[in-house]
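# Chains, contacts and geometry: an overview
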Amino acid sequence: MTSHTDVTTALSLVPATDQAPAVRWGILGAGWIAGSFAEAVTSATASTVRAVGSRSAAKARAFADAHLGADAAGATAHGSYEDLVTDPDVDVVYVATPHSHHREHALLAIAAGKHVLVEKAFTRNAAEAEEVFAAARDAGVFVMEAMWTRFLPHVAAIHAAIADGEIGEIITLAADHGQFFDVADTHRLVNPDLAGGALLDLGVYPVSFAHDILGVPESITAVGTLTETGVDGQVSMIFDYPGRTQAVLTTTLWAATPTTATITGTAGRIEIDGAFYAPTSMRVVRHDGTVREVARPDVAGLAFEAAEVARRVHAGDTQSDRMSWQSTLDVLGSLDEVRRQVGVVFPGEGAA
Ligand SMILES: NC(=O)c1ccc[n+]([C@@H]2O[C@H](COP(=O)([O-])OP(=O)(O)OC[C@H]3O[C@@H](n4cnc5c(N)ncnc54)[C@H](OP(=O)(O)O)[C@@H]3O)[C@@H](O)[C@H]2O)c1
(Lines give C-alpha, C1' and ligand atoms only; values in the text may rest on other atoms or scores of the structure.)
Protein backbone atom coordinates (compact mmCIF):
# COMPACT_ATOMS: atom_id res chain seq x y z
CA MET A 1 0.00 0.00 0.00
CA THR A 2 1.31 3.44 -0.91
CA SER A 3 0.87 6.39 1.44
CA HIS A 4 1.54 10.07 0.75
CA THR A 5 2.47 12.48 3.50
CA ASP A 6 1.70 16.21 3.34
CA VAL A 7 3.37 18.12 0.55
CA THR A 8 5.83 20.82 1.65
CA THR A 9 8.22 23.02 -0.32
CA ALA A 10 11.38 22.52 1.80
CA LEU A 11 11.67 26.31 2.01
CA SER A 12 12.04 25.99 5.77
CA LEU A 13 15.30 24.05 5.28
CA VAL A 14 17.20 27.05 3.88
CA PRO A 15 17.59 30.64 5.13
CA ALA A 16 15.08 33.10 3.65
CA THR A 17 16.75 35.12 0.91
CA ASP A 18 15.29 38.44 2.09
CA GLN A 19 16.71 37.92 5.59
CA ALA A 20 20.35 37.99 4.45
CA PRO A 21 22.29 41.24 5.06
CA ALA A 22 22.69 43.71 2.19
CA VAL A 23 25.68 44.05 -0.10
CA ARG A 24 26.22 46.33 -3.10
CA TRP A 25 26.54 44.31 -6.31
CA GLY A 26 28.31 45.19 -9.55
CA ILE A 27 27.41 43.20 -12.66
CA LEU A 28 30.35 42.39 -14.99
CA GLY A 29 29.03 41.50 -18.46
CA ALA A 30 25.52 42.61 -19.44
CA GLY A 31 24.37 39.31 -20.96
CA TRP A 32 21.46 36.92 -20.60
CA ILE A 33 21.98 35.28 -17.20
CA ALA A 34 23.19 38.57 -15.73
CA GLY A 35 19.70 39.96 -16.36
CA SER A 36 18.06 37.09 -14.45
CA PHE A 37 20.57 37.42 -11.62
CA ALA A 38 20.06 41.19 -11.31
CA GLU A 39 16.29 40.69 -11.19
CA ALA A 40 16.63 38.02 -8.48
CA VAL A 41 18.87 40.27 -6.36
CA THR A 42 16.61 43.31 -6.65
CA SER A 43 13.33 41.40 -6.16
CA ALA A 44 14.19 38.81 -3.51
CA THR A 45 17.12 40.06 -1.41
CA ALA A 46 17.91 43.14 0.70
CA SER A 47 20.92 43.84 -1.55
CA THR A 48 21.14 46.37 -4.37
CA VAL A 49 22.78 46.39 -7.79
CA ARG A 50 24.81 49.60 -7.78
CA ALA A 51 26.66 49.32 -11.09
CA VAL A 52 26.78 47.47 -14.39
CA GLY A 53 29.96 47.02 -16.44
CA SER A 54 29.85 46.24 -20.14
CA ARG A 55 32.20 46.69 -23.07
CA SER A 56 29.61 49.26 -24.17
CA ALA A 57 28.34 52.04 -21.86
CA ALA A 58 25.08 52.22 -23.82
CA LYS A 59 24.52 48.48 -23.32
CA ALA A 60 25.23 48.83 -19.59
CA ARG A 61 22.64 51.63 -19.34
CA ALA A 62 20.05 49.67 -21.28
CA PHE A 63 20.69 46.63 -19.07
CA ALA A 64 20.21 48.72 -15.90
CA ASP A 65 16.96 50.18 -17.20
CA ALA A 66 15.65 46.77 -18.26
CA HIS A 67 16.60 44.69 -15.21
CA LEU A 68 17.18 46.80 -12.10
CA GLY A 69 13.69 48.12 -11.39
CA ALA A 70 13.86 50.72 -8.62
CA ASP A 71 17.67 50.32 -8.46
CA ALA A 72 18.09 51.50 -12.08
CA ALA A 73 18.16 55.24 -11.37
CA GLY A 74 20.91 54.91 -8.76
CA ALA A 75 23.03 52.44 -10.72
CA THR A 76 26.14 53.55 -12.61
CA ALA A 77 26.56 52.25 -16.17
CA HIS A 78 30.24 51.68 -16.92
CA GLY A 79 31.65 51.29 -20.42
CA SER A 80 34.51 49.05 -19.29
CA TYR A 81 35.02 46.21 -16.84
CA GLU A 82 37.99 48.11 -15.34
CA ASP A 83 35.72 51.01 -14.39
CA LEU A 84 33.20 48.61 -12.86
CA VAL A 85 35.66 46.80 -10.58
CA THR A 86 37.15 50.08 -9.31
CA ASP A 87 33.72 51.60 -8.56
CA PRO A 88 33.83 52.46 -4.82
CA ASP A 89 30.06 51.83 -4.55
CA VAL A 90 30.52 48.12 -5.37
CA ASP A 91 31.28 45.47 -2.71
CA VAL A 92 30.84 42.28 -4.77
CA VAL A 93 31.38 41.73 -8.51
CA TYR A 94 29.26 39.13 -10.33
CA VAL A 95 31.23 37.78 -13.31
CA ALA A 96 28.82 36.67 -16.06
CA THR A 97 31.06 36.53 -19.14
CA PRO A 98 31.92 33.46 -21.27
CA HIS A 99 33.92 30.68 -19.53
CA SER A 100 37.05 31.68 -21.47
CA HIS A 101 37.10 35.02 -19.63
CA HIS A 102 36.17 34.02 -16.06
CA ARG A 103 39.78 33.76 -14.89
CA GLU A 104 40.76 37.16 -16.30
CA HIS A 105 37.66 38.94 -15.01
CA ALA A 106 37.76 37.34 -11.56
CA LEU A 107 41.44 38.33 -11.23
CA LEU A 108 40.55 41.88 -12.35
CA ALA A 109 37.95 42.19 -9.60
CA ILE A 110 40.19 40.62 -6.94
CA ALA A 111 43.04 42.99 -7.87
CA ALA A 112 40.62 45.86 -7.19
CA GLY A 113 39.91 44.40 -3.74
CA LYS A 114 36.41 43.22 -4.58
CA HIS A 115 34.61 40.06 -3.50
CA VAL A 116 33.56 37.94 -6.48
CA LEU A 117 30.80 35.55 -7.53
CA VAL A 118 31.84 33.81 -10.77
CA GLU A 119 29.35 32.08 -13.06
CA LYS A 120 29.67 28.36 -13.75
CA ALA A 121 31.77 26.73 -15.05
CA PHE A 122 34.09 28.65 -12.69
CA THR A 123 37.02 28.65 -15.16
CA ARG A 124 38.05 26.58 -18.18
CA ASN A 125 40.05 24.16 -16.03
CA ALA A 126 41.29 23.48 -12.51
CA ALA A 127 44.66 25.19 -13.08
CA GLU A 128 42.93 28.50 -13.84
CA ALA A 129 40.76 28.12 -10.74
CA GLU A 130 43.88 27.57 -8.60
CA GLU A 131 45.18 30.93 -9.83
CA VAL A 132 41.96 32.71 -8.92
CA PHE A 133 41.80 31.15 -5.44
CA ALA A 134 45.47 31.95 -4.79
CA ALA A 135 44.81 35.59 -5.65
CA ALA A 136 41.70 35.63 -3.44
CA ARG A 137 43.66 34.10 -0.57
CA ASP A 138 46.37 36.78 -0.91
CA ALA A 139 43.80 39.59 -1.14
CA GLY A 140 41.60 38.18 1.63
CA VAL A 141 38.42 38.50 -0.44
CA PHE A 142 35.43 36.19 -0.79
CA VAL A 143 35.15 34.13 -4.00
CA MET A 144 32.52 31.57 -4.98
CA GLU A 145 31.37 29.70 -8.08
CA ALA A 146 27.76 30.62 -8.93
CA MET A 147 26.55 27.00 -8.80
CA TRP A 148 23.11 28.15 -7.60
CA THR A 149 21.75 24.58 -7.36
CA ARG A 150 23.71 23.99 -4.15
CA PHE A 151 21.63 26.61 -2.30
CA LEU A 152 18.14 25.59 -3.43
CA PRO A 153 15.51 24.31 -0.98
CA HIS A 154 14.95 20.94 -2.66
CA VAL A 155 18.67 20.23 -2.59
CA ALA A 156 18.61 20.79 1.18
CA ALA A 157 15.68 18.32 1.27
CA ILE A 158 17.75 15.78 -0.70
CA HIS A 159 20.65 16.03 1.75
CA ALA A 160 18.27 15.73 4.71
CA ALA A 161 16.57 12.65 3.26
CA ILE A 162 19.92 10.94 2.65
CA ALA A 163 21.25 11.88 6.11
CA ASP A 164 18.06 10.55 7.70
CA GLY A 165 18.61 7.19 5.99
CA GLU A 166 15.39 7.40 3.97
CA ILE A 167 16.91 5.75 0.88
CA GLY A 168 19.58 3.64 2.56
CA GLU A 169 22.98 3.12 0.93
CA ILE A 170 23.20 5.02 -2.36
CA ILE A 171 23.80 2.65 -5.28
CA THR A 172 23.21 4.75 -8.38
CA LEU A 173 22.72 8.40 -9.30
CA ALA A 174 21.49 9.54 -12.72
CA ALA A 175 21.25 13.11 -14.01
CA ASP A 176 20.98 14.66 -17.45
CA HIS A 177 21.15 18.16 -18.88
CA GLY A 178 20.46 18.53 -22.56
CA GLN A 179 19.12 21.58 -24.40
CA PHE A 180 18.42 22.14 -28.08
CA PHE A 181 20.50 25.04 -29.41
CA ASP A 182 20.58 26.15 -33.01
CA VAL A 183 23.37 28.73 -32.92
CA ALA A 184 26.01 30.13 -35.24
CA ASP A 185 29.54 28.70 -35.08
CA THR A 186 30.74 31.92 -33.45
CA HIS A 187 28.23 31.69 -30.54
CA ARG A 188 29.85 31.18 -27.14
CA LEU A 189 28.08 27.80 -26.75
CA VAL A 190 30.05 26.20 -29.59
CA ASN A 191 33.01 28.56 -30.00
CA PRO A 192 36.30 27.03 -28.76
CA ASP A 193 37.76 30.54 -28.26
CA LEU A 194 34.99 31.19 -25.72
CA ALA A 195 35.38 27.72 -24.11
CA GLY A 196 32.08 26.46 -25.51
CA GLY A 197 30.71 22.93 -25.44
CA ALA A 198 27.96 21.03 -23.66
CA LEU A 199 30.14 20.03 -20.73
CA LEU A 200 31.14 23.42 -19.32
CA ASP A 201 27.77 25.00 -20.03
CA LEU A 202 25.25 22.24 -19.20
CA GLY A 203 27.17 19.14 -18.11
CA VAL A 204 28.64 21.07 -15.19
CA TYR A 205 25.23 20.74 -13.49
CA PRO A 206 25.01 16.93 -13.39
CA VAL A 207 28.74 16.72 -12.63
CA SER A 208 28.54 19.23 -9.77
CA PHE A 209 25.38 17.52 -8.50
CA ALA A 210 27.15 14.14 -8.40
CA HIS A 211 30.04 15.77 -6.51
CA ASP A 212 27.61 17.37 -4.05
CA ILE A 213 25.88 14.06 -3.29
CA LEU A 214 28.67 11.50 -3.68
CA GLY A 215 31.99 13.37 -3.45
CA VAL A 216 34.99 12.86 -5.73
CA PRO A 217 34.77 9.83 -8.03
CA GLU A 218 37.45 7.16 -7.97
CA SER A 219 37.40 6.84 -11.76
CA ILE A 220 35.66 8.43 -14.76
CA THR A 221 34.72 6.94 -18.12
CA ALA A 222 33.44 9.34 -20.79
CA VAL A 223 32.35 9.14 -24.41
CA GLY A 224 31.83 12.29 -26.46
CA THR A 225 30.86 13.51 -29.91
CA LEU A 226 32.31 16.82 -31.06
CA THR A 227 30.69 19.71 -32.94
CA GLU A 228 32.06 20.86 -36.30
CA THR A 229 33.76 23.65 -34.34
CA GLY A 230 35.66 21.10 -32.24
CA VAL A 231 33.96 21.35 -28.85
CA ASP A 232 31.86 18.66 -27.19
CA GLY A 233 28.31 18.56 -28.55
CA GLN A 234 27.31 15.56 -26.44
CA VAL A 235 28.98 13.65 -23.61
CA SER A 236 27.96 10.59 -21.58
CA MET A 237 29.86 9.91 -18.37
CA ILE A 238 30.09 7.14 -15.81
CA PHE A 239 31.57 8.10 -12.43
CA ASP A 240 32.65 5.18 -10.24
CA TYR A 241 32.98 5.55 -6.45
CA PRO A 242 34.54 3.45 -3.71
CA GLY A 243 32.26 0.57 -2.73
CA ARG A 244 29.40 -0.16 -5.12
CA THR A 245 28.17 3.31 -6.13
CA GLN A 246 28.05 4.67 -9.68
CA ALA A 247 26.70 7.81 -11.34
CA VAL A 248 25.51 8.06 -14.96
CA LEU A 249 25.60 11.64 -16.24
CA THR A 250 24.75 12.95 -19.71
CA THR A 251 24.78 16.30 -21.47
CA THR A 252 24.06 17.52 -24.98
CA LEU A 253 23.67 20.76 -26.94
CA TRP A 254 21.61 18.98 -29.59
CA ALA A 255 18.38 17.93 -27.83
CA ALA A 256 16.20 19.01 -24.91
CA THR A 257 16.33 16.11 -22.45
CA PRO A 258 14.04 15.76 -19.38
CA THR A 259 16.76 17.32 -17.14
CA THR A 260 15.72 15.05 -14.29
CA ALA A 261 17.80 13.30 -11.65
CA THR A 262 17.34 10.21 -9.51
CA ILE A 263 19.28 8.99 -6.51
CA THR A 264 18.55 5.36 -5.78
CA GLY A 265 19.54 3.52 -2.65
CA THR A 266 18.96 0.18 -1.00
CA ALA A 267 15.83 1.44 0.83
CA GLY A 268 14.27 3.70 -1.82
CA ARG A 269 14.91 6.49 -4.26
CA ILE A 270 14.67 10.28 -4.64
CA GLU A 271 13.08 11.39 -7.93
CA ILE A 272 13.91 15.01 -8.81
CA ASP A 273 11.71 16.48 -11.52
CA GLY A 274 13.12 18.60 -14.36
CA ALA A 275 14.87 20.90 -14.20
CA PHE A 276 16.70 19.21 -11.32
CA TYR A 277 19.23 22.07 -11.07
CA ALA A 278 16.54 24.78 -10.65
CA PRO A 279 13.76 25.17 -8.06
CA THR A 280 11.67 22.04 -8.65
CA SER A 281 9.52 19.30 -7.16
CA MET A 282 10.74 15.93 -5.98
CA ARG A 283 9.63 12.88 -4.05
CA VAL A 284 11.13 10.26 -1.81
CA VAL A 285 9.80 6.83 -2.81
CA ARG A 286 10.61 4.18 -0.23
CA HIS A 287 10.56 0.41 -0.54
CA ASP A 288 8.18 0.31 2.44
CA GLY A 289 5.51 1.87 0.19
CA THR A 290 5.63 5.45 1.47
CA VAL A 291 5.94 8.39 -0.90
CA ARG A 292 6.88 11.82 0.42
CA GLU A 293 6.31 14.70 -2.00
CA VAL A 294 8.24 17.97 -1.95
CA ALA A 295 6.55 20.69 -4.01
CA ARG A 296 8.22 23.24 -6.26
CA PRO A 297 8.48 26.58 -4.45
CA ASP A 298 7.60 29.79 -6.28
CA VAL A 299 10.92 31.56 -5.72
CA ALA A 300 13.66 33.41 -7.58
CA GLY A 301 16.21 30.58 -7.63
CA LEU A 302 19.27 32.75 -8.20
CA ALA A 303 18.50 34.74 -5.03
CA PHE A 304 19.64 31.85 -2.79
CA GLU A 305 23.26 32.00 -3.99
CA ALA A 306 23.18 35.81 -3.83
CA ALA A 307 21.97 35.66 -0.22
CA GLU A 308 24.73 33.18 0.64
CA VAL A 309 27.35 35.57 -0.76
CA ALA A 310 25.92 38.43 1.31
CA ARG A 311 25.93 36.34 4.50
CA ARG A 312 29.50 35.13 3.98
CA VAL A 313 30.84 38.58 3.06
CA HIS A 314 29.26 40.07 6.19
CA ALA A 315 30.75 37.25 8.27
CA GLY A 316 34.22 38.04 6.87
CA ASP A 317 34.57 34.62 5.25
CA THR A 318 36.56 34.06 2.06
CA GLN A 319 34.50 31.06 0.93
CA SER A 320 31.21 29.21 1.44
CA ASP A 321 31.23 25.72 2.88
CA ARG A 322 28.31 24.76 0.54
CA MET A 323 30.33 25.72 -2.55
CA SER A 324 33.89 25.68 -1.27
CA TRP A 325 37.03 26.39 -3.28
CA GLN A 326 37.99 22.72 -2.93
CA SER A 327 34.62 21.61 -4.29
CA THR A 328 35.00 23.89 -7.33
CA LEU A 329 38.50 22.48 -7.88
CA ASP A 330 37.18 18.91 -7.54
CA VAL A 331 34.39 19.54 -10.08
CA LEU A 332 36.84 21.14 -12.51
CA GLY A 333 39.20 18.20 -11.98
CA SER A 334 36.42 15.87 -13.14
CA LEU A 335 35.54 18.14 -16.08
CA ASP A 336 39.23 18.24 -17.07
CA GLU A 337 39.38 14.43 -17.05
CA VAL A 338 36.18 14.15 -19.12
CA ARG A 339 37.52 16.63 -21.69
CA ARG A 340 40.82 14.74 -21.83
CA GLN A 341 38.94 11.53 -22.65
CA VAL A 342 36.67 13.11 -25.30
CA GLY A 343 39.52 15.16 -26.81
CA VAL A 344 38.57 18.80 -26.30
CA VAL A 345 41.39 21.29 -25.67
CA PHE A 346 40.62 25.00 -25.78
CA PRO A 347 42.91 27.37 -27.73
CA GLY A 348 45.97 28.37 -25.73
CA GLU A 349 45.03 26.07 -22.87
CA GLY A 350 47.81 23.53 -23.16
CA ALA A 351 47.18 20.05 -21.83
CA ALA A 352 43.87 20.09 -19.99
N1 LIG B 1 23.26 30.17 -13.66
C2 LIG B 1 22.61 29.92 -14.77
O3 LIG B 1 21.46 29.46 -14.77
C4 LIG B 1 23.26 30.22 -16.07
C5 LIG B 1 22.50 30.22 -17.23
C6 LIG B 1 23.12 30.57 -18.42
C7 LIG B 1 24.46 30.87 -18.45
N8 LIG B 1 25.19 30.81 -17.31
C9 LIG B 1 26.64 31.11 -17.32
O10 LIG B 1 26.77 32.52 -17.37
C11 LIG B 1 27.86 32.90 -18.20
C12 LIG B 1 27.34 33.79 -19.31
O13 LIG B 1 26.33 33.11 -20.03
P14 LIG B 1 25.16 33.90 -20.85
O15 LIG B 1 24.28 32.85 -21.41
O16 LIG B 1 24.60 34.96 -20.00
O17 LIG B 1 26.03 34.53 -22.02
P18 LIG B 1 25.77 35.85 -22.89
O19 LIG B 1 24.32 36.20 -22.93
O20 LIG B 1 26.49 35.65 -24.16
O21 LIG B 1 26.50 36.99 -22.05
C22 LIG B 1 27.87 36.97 -21.85
C23 LIG B 1 28.36 38.42 -21.72
O24 LIG B 1 29.77 38.39 -21.57
C25 LIG B 1 30.33 39.58 -22.09
N26 LIG B 1 31.51 39.26 -22.92
C27 LIG B 1 32.78 39.64 -22.64
N28 LIG B 1 33.62 39.21 -23.58
C29 LIG B 1 32.88 38.54 -24.49
C30 LIG B 1 33.19 37.88 -25.70
N31 LIG B 1 34.45 37.81 -26.16
N32 LIG B 1 32.18 37.31 -26.38
C33 LIG B 1 30.93 37.34 -25.92
N34 LIG B 1 30.58 37.97 -24.77
C35 LIG B 1 31.54 38.56 -24.06
C36 LIG B 1 29.24 40.29 -22.87
O37 LIG B 1 28.82 41.40 -22.09
P38 LIG B 1 29.06 42.93 -22.55
O39 LIG B 1 28.77 42.94 -24.03
O40 LIG B 1 28.07 43.64 -21.74
O41 LIG B 1 30.48 43.28 -22.24
C42 LIG B 1 28.11 39.28 -22.96
O43 LIG B 1 26.85 39.88 -22.92
C44 LIG B 1 28.49 31.58 -18.64
O45 LIG B 1 29.48 31.25 -17.71
C46 LIG B 1 27.36 30.58 -18.54
O47 LIG B 1 27.77 29.25 -18.33
C48 LIG B 1 24.61 30.51 -16.13
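Above this text you will find the structure in question.
This section reports on the structure supplied with the text. (Residues numbered from 1 in each chain as written. Predicted model: local features only at pLDDT ≥ 70, side-chain atom pairs only at ≥ 80, totals over all residues. Heavy atoms only, no water.)

## Quick look at helix 1 (residues 32-44)
Operational definition: Going along the chain from the N terminus, every DSSP run of H or I of four or more residues is numbered as a helix, and every run of E of two or more is numbered as a strand. By definition here, a helix of n residues has an expected span of 1.5 Å times n minus one. When a residue's accessible area, from a 1.4 Å probe over protein chains only, is under 20% of the maximum for its type it is buried; when over 50% it is exposed; and in between it is partly exposed. We call two residues contacting when some pair of their heavy atoms lies within 4.5 Å.
The end-to-end C-alpha distance of helix 1, which contains 13 residues, comes to 19 Å, matching closely the 18 Å that a straight helix rising 1.5 Å per residue would cover. Along helix 1, the residues that are buried comprise A34, G35, F37, A38, A40, V41 and A44. Against strand 2 (24-28), strand 3 (48-53), helix 2 (57-67), strand 5 (92-95), strand 6 (115-119) and helix 8 (302-315) lie the buried residues of helix 1.

## Overview of the nonpolar core
The tendency in soluble globular proteins is for nonpolar side chains to be buried as a group. As a reminder, the rule being used: Nonpolar cores were defined as sets of buried Ala, Val, Leu, Ile, Met, Phe, Trp, Tyr and Cys residues, with membership established by side-chain atoms within 4.5 Å. For every domain, the bounds stem from an assignment made automatically or drawn from a database.
Counting residues in each nonpolar core, the largest one holds 114 residues, and the members touching the most others are W25, V143, F209, F239 and I263. Element by element, the count of residues in this core is highest for helix 7 (residues 198-214), at 10 residues. Built from parts of two domains, this core gets at least three residues from each of domain 1 (17-147) and domain 2 (150-299 + 319-342).

## With respect to the side chain of T259
With respect to the secondary-structure elements, T259 resides in the loop between strand 11 (246-252) and strand 12 (261-265). Those residues in contact with T259, other than ones at most four positions away along the chain, are D176, H177, G178, Q179, D273, G274, A275, F276 and Y277.

## Some details on the packing of helix 1 against helix 8
Relative placement of two packed helices is described by the angle separating their axes and the distance separating the axes. Operational definition: Lines fitted to the C-alpha atoms define the axes, with helices restricted to the stretch that makes contact. Angles between their N-to-C directions range from 0 to 180 degrees. By the definition adopted for this analysis, an angle is roughly parallel if under 35 degrees, roughly antiparallel if over 145, roughly perpendicular if from 65 to 115, and oblique otherwise. Left-handed is the label given to a crossing in which the near helix is rotated counterclockwise from the far helix by less than a right angle, and right-handed is the label when the rotation is clockwise. Residue classes follow a fixed rule: Ala, Val, Leu, Ile, Met, Phe, Trp, Tyr, Cys and Pro count as nonpolar, while Asp, Glu, Lys and Arg count as charged, and any other residue, Gly among them, counts as polar.
Helix 8 packs onto helix 1 with a crossing angle of 70° between their chain directions and a minimal axis gap of 9 Å. Considering the angle they form, helix 1 stands roughly perpendicular to helix 8. Crossing geometry of helix 1 relative to helix 8 is assigned as right-handed. Of helix 8, the residues touching helix 1 (which contributes I33, S36, F37, A40, V41 and A44) are L302, A303, E305 and A306. Residue composition of the contact of helix 1 with helix 8, grouped by class: 8 nonpolar, 1 polar and 1 charged.

## Here's the deal with the site of the ligand
Put simply, the rule reads: Note on definitions. A residue lies near a molecule or strand when any single heavy atom of the residue is within 4 Å of it. The term polar contact refers here to a pair of N or O atoms within 3.5 Å; inside protein, the definition further demands a hydrogen-donor-capable atom paired with an acceptor-capable atom, and it admits residues adjacent in sequence only when both atoms are side-chain atoms. The Shrake-Rupley method, run with a 1.4 Å probe sphere, supplies the accessible areas, and residue values consider only the shown protein chains as cover.
Close to the ligand lie 22 residues, the nearest being S54, K59, Y81, H99 and K120. K59 is positioned such that a nitrogen or oxygen atom in its side chain is 2.6 Å from an oxygen atom of the ligand. In the environment of the ligand, an oxygen atom lies 2.8 Å from a nitrogen or oxygen atom belonging to the side chain of H99. Here the ligand loses 84% of its free accessible area of 890 Å² to cover by the protein chains. Contributions of two or more residues to the shell around the ligand are made by helix 1 and helix 7. Structurally, the shell around the ligand is a two-domain feature, drawing no fewer than three residues from each of domain 1 (17-147) and domain 2 (150-299 + 319-342).

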